[in-house]
Amino acid sequence: MNTLELIVPCYNEEESLPAFYDTVTPIVKAIKDFSVSFIFVDDGSRDKTANILKDLAKKDDKVKYISFSRNFGKEAAMLAGMRMSTADYVGIIDADLQHSPKLIPEMLKAVTEEDYDIAAARRTDRKGEAKIKSAFSRQFYKVINKISDANIEEGAQDYRIMKRKVVNAILSMPEYNRFSKGIFSWVGYKTKWFEHENQERFAGTSKWSFWNLLTYAIDGIIGFSTAPLKISFFIGGLTSAFGFVYALYTIVKTLCFGSDVKGYPSIICAVFIIGGLILLSLGIIGEYISRIYMEVKNRPNYLISETNILPKDDEE
Ligand code: UDP
Ligand code: MG
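Residues numbered from 1 in each chain as written. Chains lettered and ligands numbered in written order. Predicted model: local features only at pLDDT ≥ 70, side-chain atom pairs only at ≥ 80, totals over all residues. Heavy atoms only, no water.

Brief notes about the side chain of Ser180
Here is step 1: Relative to the assigned elements, Ser180 resides in helix H7 (residues 180-186).
Here is step 2: With near-sequence residues (within four places) excluded, Ser180 lies in contact with Glu75, Met78 and Asp158. (Helix = DSSP H or I, 4+ residues; strand = E, 2+ residues; numbered from the N terminus. Contact = heavy atoms within 4.5 Å.)

Written as structure tokens, this is what we have:
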């Protein structure tokens, strides 16, 4: 029999989890010739999520769970789930029912019967989302696709089912700063896209604030492109070229017409402009160096405090 494991990252999802389990279970039970199990990853929730997972695991042997020692973020949760997975097919789905589970059978069909390696969901609309948030994320996709070698589909979600080889490819990327949207597209493979409408969250609130999303976008760009380093190089080159021309002009002017002290405002302007550009360039370089620093430290992406999954043989 074929196996499918669904990775479900959960952070403070006590309200959504029972509904999630009750909705998804009948759908996956109905899939023929497939044994479907869950890998719930409790990402350091501060509510009753961990207890709910333990109770589910007691009554259903298809429920596996991993509890982190603290909140490490959804990227780490997905990574832990993939590392612990052993099935032939691996899926990722949110716990808040925003990823409509009724797509699972169709997505599975795409990777089993059709010739696809990945079945992934893409949202068609941004209903129920702040206008400014949509506008920013649209710009983000435009920029990142232009300057990086990963081609990220706009609206692509983490909701997907992958073949084992794709999961292994993703796990072979050792980086600490994991920007999944980039990683998922960087590995390539044949993907079938499933359009789906933006669902309202079942309960609770989104954990993504505007600030979170902004740093997430910066992570994505820094992680998959070195173009920003070139930007600072070009801007720096351009402004210093301008500076030289201006200096030449001033010298000639002084030689021909003598000097005056009227130049004070222009000096202040130049100081601010150049100073700002230097700080900007340093900032961009600093972002890369901080990423290098994190990679070099080689810290684990997460720490597990509790799980009912036995370690794989090759990791013992
Ligand atoms: N999540 C997580 N760790 C976090 C934040 C979120 O595991 O630090 C999970 C969360 O429980 C949910 C999924 O990631 O299952 C998506 O989170 P959310 O609904 O907050 O994001 P949105 O749907 O607004 O993009
Ligand atoms: Mg959500």
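Structure shown, so let's carry the discussion forward.
Looking at the packing of aromatic side chains
Here is step 1: Counted under the stated rule, the structure contains 15 aromatic pairs.
Here is step 2: Here Phe136 and Phe210 contribute two aromatic rings whose centre-to-centre distance is 5.2 Å and whose plane-to-plane angle is 75°, an arrangement assigned as edge-to-face. With Phe136 in helix H5 (residues 131-147) and Phe210 in helix H8 (residues 210-224), this residue pair connects regions lying 74 residues apart in the sequence.
Here is step 3: Classification of Phe136 as partly exposed rests on a relative accessible area of 44%.
Here is step 4: Taken together, the aromatic side chains of Phe140, Tyr141, Phe179, Tyr216 and Phe224 make up a single cluster linked through ring pairs.
Here is step 5: Sitting over the face of the ring of Phe72, Arg70 holds its NZ or CZ atom 3.9 Å from the ring centroid.
Here is step 6: The ring of Tyr116 is capped by Lys190, whose NZ or CZ atom sits 5.3 Å from the centre of that ring. (Phe/Tyr/Trp six-rings, centres within 6.5 Å; stacked < 30°, edge-to-face > 60°. Buried < 20%, exposed > 50% of the residue type's maximum accessible area, 1.4 Å probe, protein only. Lys NZ or Arg CZ within 6 Å of the ring centre and 35° of its normal.)

Quick look at the pairing of strand S1 (residues 2-10)
Here is step 1: Burial of S1 is extensive: seven of the nine residues sit out of reach of the surface.
Here is step 2: Where S1 and strand S2 (residues 34-42) come together, nine bridges link them in parallel fashion. When the bridges of S2 are listed, Asn2 appears paired with Phe34.
Here is step 3: As a crossover connection, the stretch from S1 through helix H1 (residues 17-29) into S2 is right-handed. (Pairing = 2+ DSSP bridges. Right-handed = clockwise from strand over helix to strand, strands pointing away.)

Digging into unusual backbone geometry
It is generally the case that most residues other than glycine have a negative phi and that most peptide bonds are trans.
Here is step 1: Phi is positive for Leu97, close to 65°, though the residue is something other than glycine.
Here is step 2: By the secondary structure assignment, Leu97 is in the loop between strand S4 (89-92) and helix H4 (104-112).
Here is step 3: One non-glycine residue, Tyr189, lies in positive phi territory at about 75°.
Here is step 4: Looking at the secondary structure, you find Tyr189 in the loop between H7 and strand S7 (191-196).

Section: the site of ligand 1
Here is step 1: Taken together, 16 residues lie near ligand 1, and Glu13, Asp43, Asp96, Gln98 and Ser206 sit nearest.
Here is step 2: With respect to ligand 1, the side chain of Glu13 contributes an N or O atom lying 2.6 Å from an oxygen atom.
Here is step 3: A distance of 2.6 Å is found between an oxygen atom of ligand 1 and a side-chain nitrogen or oxygen belonging to Gln98.
Here is step 4: Across the shell around ligand 1, the residue classes break down as five nonpolar, four polar and seven charged. (Near = heavy atom within 4 Å. Polar contact = N/O pair within 3.5 Å; in protein donor to acceptor, adjacent residues only side chain to side chain. Nonpolar A, V, L, I, M, F, W, Y, C, P; charged D, E, K, R; others polar.)

Brief notes about a nonpolar patch on the surface
Here is step 1: Side chains of Ile132, Phe136, Phe210, Trp211, Leu214 and Ile218 sit close together on the surface and give an oily, nonpolar patch of about 620 Å² of accessible area.
Here is step 2: Taken together, the elements giving at least two residues each to the nonpolar patch come down to H5 and H8.
Here is step 3: Per element, the largest residue contribution to the nonpolar patch is four residues, and it comes from H8. (Patch = residues over 30% accessible without salt bridge, like charges linked within 9 Å, V, L, I, M, F, W, Y side chains within 5 Å. Areas by Shrake-Rupley, 256 points an atom, 1.4 Å probe, with all protein chains shown as cover. Salt bridge = Lys/Arg side-chain N within 4 Å of Asp/Glu carboxyl O.)

Some points on the packing of H5 against H8
Here is step 1: Closest axis-to-axis distance for the H5/H8 pair is 10 Å, and the angle between their directions is 5°. Taken together, the axes of H5 and H8 are roughly parallel relative to one another. Facing Lys133, Phe136, Phe140, Val143, Ile144 and Ile147 of H5, the residues of H8 in contact are Phe210, Leu213, Ala217, Gly220 and Ile221.
Here is step 2: In terms of residue class, the contact of H5 with H8 is built from nine nonpolar, one polar and one charged. (Axes fitted to C-alpha atoms, helices over the stretch in contact; angles between N-to-C directions. Parallel < 35°, antiparallel > 145°, perpendicular 65-115°, else oblique.)

Quick notes on the nonpolar core
Here is step 1: In this structure, Ile66, Phe68, Met82, Met162 and Ile170 are the most contacted members of the largest nonpolar core, which totals 38 residues.
Here is step 2: Considering every element that reaches this core, the biggest residue donor is helix H3 (residues 74-84), with seven residues.
Here is step 3: The contacts of Met162, once residues within four sequence positions are left out, are Met82, Asp88, Tyr89, Val90, Ile92, Asp117, Ile118, Val167 and Ile170. (Core = buried A, V, L, I, M, F, W, Y, C linked by side-chain atoms within 4.5 Å.)

Structural notes on the packing of H3 against helix H6 (residues 164-171)
Here is step 1: Where H3 meets H6, the axes come as close as 10 Å, and the angle between the chain directions of the two elements is 125°. Classified by the interaxial angle, the pair formed by H3 and H6 is oblique. Like other packed secondary-structure pairs, H3 and H6 cross with a definite hand, here left-handed. Along its contact with H3, which presents Leu79, Met82 and Arg83, the element H6 presents Arg164, Val167, Ile170 and Leu171.
Here is step 2: Grouping the constituent residues of the contact of H3 with H6 by class yields five nonpolar, no polar and two charged. (Left-handed = near helix turned anticlockwise from the far one by under 90°.)

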